[in-house]
Amino acid sequence: MPRFIPAIAVLAALLASPARADDTLASLDAGGLVLTKTDKIALVSEDLYLSIKAVKISYRFRNLTNADYEALVAFPMPDITGDGPGGITDIPDPTSDNFLKFTTKVDGKPVESQVEQRAFMKGTDGKPDVEITDRLKALKIPMLPTIEATEKAINALSEADRKALADADIVYQDSYNADDKGERQVYYPLWTLRSKFWRKQVFPAGKDVIVQQDYVPSHGGVSSLVFGSPDLDAKQRKSYEKDFCTDAAFTKAAAALRKRASADEGKTFVSYEQYLAYVITSGGNWAGPIGDFRLVVDKGDPKTLVSFCGEGVKKIGPTTFEMVVKNYVPKTDIKVLLLVSEERK
């Protein structure tokens, strides 16, 4: 089951805005492949498709040398933190190590990767994070802090072991009344899982290698419309402008949608915000910039309003928008704002 995160922390981190009473969905921002740093491999092109339902990336790598070259290729997974009982985190498959359901093909053929998992407790008072991987393994506790099996393993420990974990703030101790059985103690994971899938990839001399990476994104959101509200202050508006490049036309359309939603009061349709992010600045370990970069953002529904930062963006379909850049050097990650309006079910 998904674990819960307080709405205050999520919205403050996402938009640097005051806390709201709206239900807020936290996202786990992911990106693409990361290579061992090298000047022997060039990224000739990257074709990136972003939507709420799928992220699809096609890379064309080229070995610039006259000898085969082997490099480590990793897909860093977003960190997952157990936060006890609070608001919901969007995790496509919370029971799996491959919780973003990613798949990889090299020159059209599926390839397998190895997984590396490490668990950490956040350091306090400026101290570094503390790794607790071996401690969890010794207690036979699954490291993914979002699954029932992890909580079950913790609650099955001896009272002394549970107390030791709680005293170290590795787990959160709570209690509830179990009908006629009286008060019962439960324990929730608090650690952060950092994981990545990796493999060794051979790049043949002087040849191109096509790598395709697909996964289901974790998206964030708010259960109502925040943007377009007359109550937004200057700091909040600037935060939206910085992250999503919201302009005057988008702001006007958002205000009209919010006014309509307020008048309807959710009787015939519901409106809400969604946030989608792609971490692209952590790459760049290859030689030079991305030769040809193409981004397609699909908003999913023609009625949805979308805004994101980009150069020369043009509409290429009822729901799709395209940006094409040569010799692309990303300076910021890609963030997409979606204002959704749909018929109430």
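What you see is a predicted model, and the numbers here were worked out from it, not measured in a lab. (Residues numbered from 1 in each chain as written. Predicted model: local features only at pLDDT ≥ 70, side-chain atom pairs only at ≥ 80, totals over all residues. Heavy atoms only, no water.)

**Q** When you look at the environment of arginine 258 in this model, what are you seeing that I'm missing?
**A** Within the secondary structure layout, arginine 258 lies in helix 6 (residues 248–264). Leave out the neighbours within four places in its chain, and arginine 258 touches Leu225, Val226, Phe227, Gly228, Ser229 and Pro230. (Helix = DSSP H or I, 4+ residues; strand = E, 2+ residues; numbered from the N terminus. Contact = heavy atoms within 4.5 Å.)

**Q** Explain the sheet that holds strand 17 (residues 208–215) to me, please; I cannot follow it from the model alone.
**A** One key point about sheets: their strands pair by backbone hydrogen bonds, in either a parallel or an antiparallel sense. Strand order in the open sheet formed by eight strands is 11-10-17-6-5-20-23-22, with mixed pairing between adjacent strands. On the outer flanks of this sheet lie strand 11 (109–110) and strand 22 (314–315), each paired with one strand and no other. (Pairing = 2+ DSSP bridges.)

**Q** Where do I start with the layout of surface pockets in this structure?
**A** Taking a probe equal in size to a water molecule and rolling it over the atoms shows the remaining empty space. Taken as a whole, the largest pocket encloses approximately 360 Å³ of empty space. Taken together, 16 residues line the largest pocket, and the ones lying closest to its centre are Cys309, Tyr328, Lys331, Thr332 and Asp333. Listing elements by their share of the lining of the largest pocket, those giving two or more residues are helix 5 (234–244), strand 23 (320–328) and strand 24 (334–343). No other element matches strand 23, which puts four residues into the lining of the largest pocket. Partitioning the lining of the largest pocket into residue classes produces seven nonpolar, three polar and six charged. (1 Å grid on protein atoms, 1.4 Å probe; cavity = no way out; pocket = protein on both sides within 12 Å on 5 of 7 lines; lining within 4 Å. Points joined across faces, edges and corners; volume = space filled by probe spheres on them. Nonpolar A, V, L, I, M, F, W, Y, C, P; charged D, E, K, R; others polar.)

**Q** Explanation requested: the pattern of salt bridges in the structure shown.
**A** By the definition in use, this model includes 11 salt bridges. The salt bridge involving arginine 60 is made with aspartate 208; its shortest N-O contact spans 3.2 Å. With a gap of 148 residues between them, arginine 60 in strand 6 (residues 55–63) and aspartate 208 in strand 17 connect regions that are remote in the sequence. One salt bridge in this structure joins arginine 194 and aspartate 79, with 3.7 Å as the shortest N-O distance. Residue arginine 194 is located in strand 16 (residues 192–203), and its partner aspartate 79 is located in the loop between strand 7 (69–76) and strand 8 (80–81); the two are separated by 115 residues in the primary sequence. The partly exposed category is assigned to arginine 194, whose relative accessible area is 30%. Taken together, the shared-partner salt bridges connect Asp47, Arg294 and Glu322 into one network. (Salt bridge = Lys/Arg side-chain N within 4 Å of Asp/Glu carboxyl O. Buried < 20%, exposed > 50% of the residue type's maximum accessible area, 1.4 Å probe, protein only.)

**Q** What exactly am I supposed to notice about the packing of aromatic side chains here?
**A** Two numbers describe a pair of aromatic rings. These are the distance of the centres and the angle of the planes. Taken as a whole, this structure holds 12 aromatic pairs when the rule is applied. Ring centres of phenylalanine 244 and tyrosine 275 lie 6.0 Å apart, and the angle between their planes is 20 degrees; this geometry places the pair in the stacked category. Of this pair, phenylalanine 244 sits in helix 5 while tyrosine 275 sits in strand 19 (residues 269–279), and the two are 31 residues apart along the sequence. Here tyrosine 275 falls in the buried class, since its relative accessible area comes to 3%. On the numbers, 4.4 Å between centres and 15 degrees between planes, the contact of phenylalanine 293 with tyrosine 328 is stacked. (Phe/Tyr/Trp six-rings, centres within 6.5 Å; stacked < 30°, edge-to-face > 60°.)

**Q** Any chance you could explain the state of the cysteines here in plain terms?
**A** In a disulfide, the sulfur atoms of two cysteines are covalently bonded to one another. Considering all chains together, one arrives at one disulfide under this definition. Across the disulfide from cysteine 245 sits cysteine 309; the S-S distance is 2.0 Å. Of note, the bridge from cysteine 245 to cysteine 309 carries an S-S torsion of about 105 degrees and is right-handed in sense. In this pair, cysteine 245 is assigned in the loop between helix 5 and helix 6 and cysteine 309 in the loop between strand 21 (305–308) and strand 22, connecting sequence segments 64 residues apart. Classification of cysteine 245 as partly exposed rests on a relative accessible area of 38%. (Disulfide = S-S within 2.5 Å.)

**Q** Could you clarify how one ought to interpret the side chain of serine 271 in this entry?
**A** Within the secondary structure, serine 271 sits in strand 19. If we ignore the near neighbours within four places in the chain, the residues touching serine 271 are Ser223, Ser224, Leu225, Leu257, Ala261, Val340 and Ser341.

**Q** Would you mind going over the pairing of strand 6 with me for this structure?
**A** Regular strands place side chains that alternate from one sheet face to the opposite one. Side chains Val55, Ile57, Tyr59, Phe61 and Asn63 of strand 6 all project onto a buried face; the interleaved residues Lys56, Ser58, Arg60 and Arg62 project onto a face where none is buried. Here nine bridges tie strand 5 (residues 41–50) to strand 6, and the two strands are oriented antiparallel to one another. Residue pairing for strand 6: isoleucine 41 is matched across the bridge by asparagine 63. Counted along the chain from strand 5 to the antiparallel partner strand 6, the turn is four residues long. As paired elements, strand 6 and strand 17 share eight bridges and run antiparallel to each other. If you follow lysine 56 over to strand 17, its bridge partner there is aspartate 214.

**Q** Even after reading the chapter, I still don't get the nonpolar core, so can you show me in this structure?
**A** Within soluble globular proteins, side chains that are nonpolar tend to cluster in buried spots. Trp191 and Tyr278 are the most contacted members of the largest nonpolar core, which totals 65 residues. One finds Val226, Leu232, Phe250 and Tyr275 within the second-largest nonpolar core, a separate group that totals 15 residues. (Core = buried A, V, L, I, M, F, W, Y, C linked by side-chain atoms within 4.5 Å.)

**Q** Explain the pairing of strand 10 (residues 103–106) to me, please; I cannot follow it from the model alone.
**A** Judged by which residues are buried, strand 10 turns out to be one-sided: Thr104 and Val106 face inward and are buried, whereas Thr103 and Lys105, on the alternate face, are not. Judged from the four bridges that link them, strand 10 and strand 17 form a sheet pairing that is antiparallel. Residue pairing across strands places lysine 105 opposite glutamine 212, the latter belonging to strand 17. Of the pairings in the sheet, the one linking strand 10 to strand 11 comprises two bridges and is antiparallel in character. Within strand 11, the residue paired with valine 106 across the bridge is lysine 109. In this antiparallel pair of consecutive strands, strand 10 and strand 11, the connection spans two residues, and aspartate 107 shows a positive phi of 50 degrees.

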